[in-house]
Number of protein chains: 2
Amino acid sequence: MPRVTDPTAPHIALVGATGVVGTTLLRLIEERGFRYRGLDLVASARSAGREVTVEGHSCRVQDVDGFDFAGVDIAFFSAGAGVSRTFVPKAVAQGALVIDNTSAFRMDPGTPLVVPQVNAHVLGTRPESGVVANPNCSTIPLVRLLRPVQERWGIRQVVVSTYQAASGAGYSGVEELRAGARSVLDDPDSAGVTGTFSPSLAFDVIPSIDRLLDDGFTFEEQKMLQESRKILELPHLDVTTTCVRVPVANSHSEAAWIECHEPVDRGELVRLLAGQDEVTVHDLDTVGAFPTPRTAGDPNRVHVGRVRVAAHNPRGFWLWIVADNVRIGAALNALQIAEELTRRGAL
Amino acid sequence: MPRVTDPTAPHIALVGATGVVGTTLLRLIEERGFRYRGLDLVASARSAGREVTVEGHSCRVQDVDGFDFAGVDIAFFSAGAGVSRTFVPKAVAQGALVIDNTSAFRMDPGTPLVVPQVNAHVLGTRPESGVVANPNCSTIPLVRLLRPVQERWGIRQVVVSTYQAASGAGYSGVEELRAGARSVLDDPDSAGVTGTFSPSLAFDVIPSIDRLLDDGFTFEEQKMLQESRKILELPHLDVTTTCVRVPVANSHSEAAWIECHEPVDRGELVRLLAGQDEVTVHDLDTVGAFPTPRTAGDPNRVHVGRVRVAAHNPRGFWLWIVADNVRIGAALNALQIAEELTRRGAL
Ligand SMILES: NC(=O)c1ccc[n+]([C@@H]2O[C@H](COP(=O)([O-])OP(=O)(O)OC[C@H]3O[C@@H](n4cnc5c(N)ncnc54)[C@H](OP(=O)(O)O)[C@@H]3O)[C@@H](O)[C@H]2O)c1
Ligand SMILES: NC(=O)c1ccc[n+]([C@@H]2O[C@H](COP(=O)([O-])OP(=O)(O)OC[C@H]3O[C@@H](n4cnc5c(N)ncnc54)[C@H](OP(=O)(O)O)[C@@H]3O)[C@@H](O)[C@H]2O)c1
């Protein structure tokens, strides 16, 4: 039973508890038996008052406006960057350690940006800012695979195209995809349904995620570059990306071309990747095997397939990566940060 | 009226006339007013005897088995590589010039592989083999954009990830996508519908098109490398690809990273691309604008958007490319080859 009376276990708060990431975090806390002393579910006025059952106990959702963070040891934030910018400073001032799923503080020099399988060492002490940031959902699986490659062969360049699921835009994204698909199946010329996505996502692909920046890249594309550099502590790492939304409900995919400083041996590469924590290499024994978002299997692992070294350029190779964006890319990574902090007594 | 009594106009045959490519070719012949003296529609025993209305005339589909190519000036083949391997030699022996949409003869040294906007010059004389090959549907839009870039800046490397539509697998692919989508909308845990695709394509992405080769690349991926080299007459061009099927009914997309020998100026690049025949650059004036398969517009043009030069590596840039795989990638290209041959009197 994760809810314990042990006074050393943390009191936790989930801000954005009713969202895709928040509800998955709740499920993972149960699944993984994460021990906590007390729990607050927090969202906006829209959901405040709603009753949610957690481990058989009814728990009432509270409005973040006016919520008191005093007595909260860990506050998980997954309610958008705006909410984090407004309420994280208050939570920290009231003594909570914040694990933030949004982009609000990721590039802040005083805030560690953590993927426990890659750079847990930066969690040694409680961060000065009081905030640990969780990276972007496409960055996390990528850096988990880039790290061992960098150590073995050195990376010259990474070129990534993503295939990102609707759930990356929250509950409304998934619902809009389904409604749009119904509309287009009824009438192939239907314009579909827009709102969260534009144009409609059903039976289409949209090469635009998050806002456009002055240099022509999107913020999502910039995150993958900047966050990879920060997590891997490689300030000049060359990562360039096109981020594309695809009509998949859940789990992001990435086609990653990685060019190293030295020729890469495929056999050694697949063994190296398969040896990483919580990584499944689908074509370890069966050349050409691959995961897909709907068939990859265990959502708590990073899935890799189609590992190919180019015959005409053996320093370069492709990976096809599939990872549950809500678990690997957000809630599970956040909880693994909390587990690591608890293990280190760094709260 | 394309059907004419002029004895110099060709008699044409469409093998695979009932398929996605064949029916689109028929429509394009009408749309573009391609002049022909006589027309034969050819398919398998499954469709033989079916009546198809062409320009108000009823035309009976004939079985390719036993079909007599004598008197046919141009035979368009789009019935699969196996059918081409069996029947193209007969058509050529009986005097027809074949324009082949399949992969059967593309890499044959005696067979020109033609994208009229790129290498029409190889159509100067009637080819010795009697066959002109139409490239793969993902290769055609790509080489139409690579050619001017190569001439201006020289290409060091091309890294492409594709987002390929169900119609690339013919009528059965589109029907299977729709049936699978209905099944998953009814029950999110449904395994969908397989047959043409495996696993089911609806709400999923599948990084595997055509058969797997010994080197771990798929035949589709190899085609993009080998055909680009042949068309552009650059035998050492470095093109590497991951080909992915996405749940889109029609039109392929590609995220292409192109690295040149010299720094590229974005303004000059967009003007250069926009100056190509039948190419629309969506972000010529509006930075960040992009086409998508369902919203690109004119299906007879190659659509480009999200043209971005990387700040940290100005020799490299991204293009987002959308092109109707059935028109640009097959039927329109084939018909433009026929138009070019007619214009040159090379029949
Ligand atoms: N989905 C992913 O794959 C993913 C991955 C990484 C990071 N993230 C980040 O996680 C955050 C949440 O994403 P999601 O996918 O869970 O979105 P979601 O399903 O739309 O849920 C949004 C959550 O935020 C709450 N919220 C919205 N506006 C609020 C406000 N003004 N004050 C307080 N609470 C508010 C919502 O509460 P109500 O019920 O009251 O509306 C809900 O609990 C975003 O910042 C997102 O960028 C998501
Ligand atoms: N779709 C594309 O985007 C695309 C692009 C480039 C190239 N191609 C190539 O074009 C060809 C056709 O593609 P498609 O998309 O039009 O496929 P499709 O919709 O499945 O149509 C196949 C056509 O081939 C005929 N056919 C099949 N087996 C035959 C046989 N044994 N003998 C005679 N005719 C036979 C079919 O006739 P029945 O009605 O008798 O079955 C039908 O007319 C393929 O080689 C494909 O690789 C397609």
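Residues numbered from 1 in each chain as written. Chains lettered and ligands numbered in written order. Predicted model: local features only at pLDDT ≥ 70, side-chain atom pairs only at ≥ 80, totals over all residues. Heavy atoms only, no water.

## Some thoughts on the relation of the copies chain B and chain A
Put simply, the two copies of the chain differ by a rotation about an axis and a shift along that axis.
Then, in step 1: With an RMSD of 0.0 Å, the fit of chain B onto chain A corresponds to turning through 180 degrees and sliding 0.0 Å along the axis. Classification of the inter-copy transformation places it as that of a two-fold axis.
Then, in step 2: Of the residues that chain B buries at the interface, 98% are likewise interface residues in chain A, meaning the two copies contact each other through the same surface. (Least-squares fit on C-alpha atoms with pLDDT ≥ 70 in both. Contact = heavy atoms within 4.5 Å.)

## Things to note about the packing of helix H4 (residues 139-153) of chain B against helix H8 (residues 327-343) of chain B
All names here are of chain B.
Then, in step 1: The geometry of H4 relative to H8 is characterised by a closest axis approach of 8 Å and an angle of 85 degrees between their N-to-C directions. One way to sum up the angle between H4 and H8 is to call them roughly perpendicular. Taken together, the residues of H8 that come into contact with H4 (itself represented by Ile140, Pro141 and Arg144) are Ile328, Gly329, Ala330 and Asn333. (Axes fitted to C-alpha atoms, helices over the stretch in contact; angles between N-to-C directions. Helix = DSSP H or I, 4+ residues; strand = E, 2+ residues; numbered from the N terminus. Parallel < 35°, antiparallel > 145°, perpendicular 65-115°, else oblique.)

## Let's talk about the pairing of strand E11 (residues 252-260) of chain A
All names here are of chain A.
Then, in step 1: When you tally the buried positions in E11, you get 9 out of 9 residues, the bulk of the element.
Then, in step 2: Residues His252, Glu254, Ala256, Ile258 and Cys260 of E11 are buried on one face, and the alternating residues Ser253, Ala255, Trp257 and Glu259, pointing to the opposite face, are buried as well.
Then, in step 3: Summarising the sheet, strand E9 (residues 155-163) and E11 pair through 8 bridges and their orientation is antiparallel. For Val158, the partnering residue across the bridge sits in E11 and is Ile258. (Buried < 20%, exposed > 50% of the residue type's maximum accessible area, 1.4 Å probe, protein only. Pairing = 2+ DSSP bridges.)

## Re the nonpolar core
Then, in step 1: One finds A:Leu14, A:Leu41, A:Phe76 and A:Ile258 to be the most contacted residues of the largest nonpolar core, which totals 75 residues.
Then, in step 2: When residues of this core are assigned to their parent elements, the largest contribution, 9 residues, is made by helix H8 (residues 327-343) of chain A.
Then, in step 3: Counting residues domain by domain, this core receives three or more from each of domain 1 (11-135 + 329-344) and domain 2 (139-165 + 205-325) of chain A.
Then, in step 4: What A:Leu14 contacts, discounting residues up to four positions off in sequence, is A:Gly22, A:Leu25, A:Leu26, A:Ile29, A:Leu39, A:Asp40, A:Leu41, A:Val42 and A:Phe76.
Then, in step 5: In terms of nonpolar packing, the next biggest core, distinct from the first, is built from 74 residues, B:Val20, B:Ala43, B:Ile140 and B:Ala323 among them. (Core = buried A, V, L, I, M, F, W, Y, C linked by side-chain atoms within 4.5 Å. Domains from an automatic or database assignment.)

## Side note on the site of ligand 1
All names here are of chain A.
Then, in step 1: Lining the immediate surroundings of ligand 1 are 27 residues, of which Thr18, Val20, Val21, Ser44 and Ser47 lie closest.
Then, in step 2: Take Val21: an N or O atom from its main chain is 2.8 Å from an oxygen atom of ligand 1.
Then, in step 3: At 2.9 Å, a side-chain N or O of Asn325 approaches an oxygen atom of ligand 1.
Then, in step 4: Summarising the interface, the protein chains cover 78% of the accessible area of ligand 1, which totals 890 Å² for the free molecule. (Near = heavy atom within 4 Å. Polar contact = N/O pair within 3.5 Å; in protein donor to acceptor, adjacent residues only side chain to side chain. Areas by Shrake-Rupley, 256 points an atom, 1.4 Å probe, with all protein chains shown as cover.)

## Describing the pairing of strand E1 (residues 11-15) of chain A
All names here are of chain A.
Then, in step 1: Where burial is concerned, most of E1 is hidden: 5 out of the 5 residues are buried.
Then, in step 2: What you see with E1 is no split at all: His11, Ala13 and Val15 on one side and Ile12 and Leu14 on the other are buried throughout.
Then, in step 3: Direction of pairing for E1 relative to strand E2 (residues 38-43): parallel, over a ladder of 5 bridges. By the bridge assignment for E2, Val15 is matched with Val42.

## Thoughts on the site of ligand 2
Residue and element names in this part refer to chain B.
Then, in step 1: If you check the shell around ligand 2, you find 27 residues, and the closest are Thr18, Val20, Val21, Ser44 and Ser47.
Then, in step 2: The separation between an oxygen atom of ligand 2 and a polar main-chain atom of Gly16 is 3.2 Å.
Then, in step 3: Between an oxygen atom of ligand 2 and a side-chain N or O atom of Ser44, the distance comes to 2.6 Å.
Then, in step 4: Protein coverage of the free-state accessible area of ligand 2, which is 880 Å², stands at 78%.
Then, in step 5: Considered class by class, the residues forming the shell around ligand 2 number 12 nonpolar, 14 polar and 1 charged. (Nonpolar A, V, L, I, M, F, W, Y, C, P; charged D, E, K, R; others polar.)

## Some details on the interface of chain B and chain A
Then, in step 1: Opposite the 65 residues of chain B that make contact, chain A presents 64 residues.
Then, in step 2: Interface area for chain B against chain A, summed over the two sides, is near 5000 Å², with a carbon-plus-sulfur share of 60%.
Then, in step 3: The three residues of chain B that bury the most area against chain A are B:Leu185, B:Phe203 and B:Arg294, which together make up 15% of that side's buried surface.
Then, in step 4: Summed over the shared surface of chain B and chain A, the number is 31 residue pairs in polar contact (both at pLDDT 80 or more).
Then, in step 5: Breaking the side of chain B that touches chain A down by element, the ones donating at least two residues are strand E9 (155-163), helix H5 (171-186), helix H6 (219-232), strand E10 (239-242), strand E11 (252-260), strand E13 (302-310) and strand E14 (313-323) of chain B.
Then, in step 6: Counting residues per element, the side of chain B that touches chain A draws most heavily on E9(B), at 7 residues. (Buried area = accessible area lost by both parts, 1.4 Å probe.)

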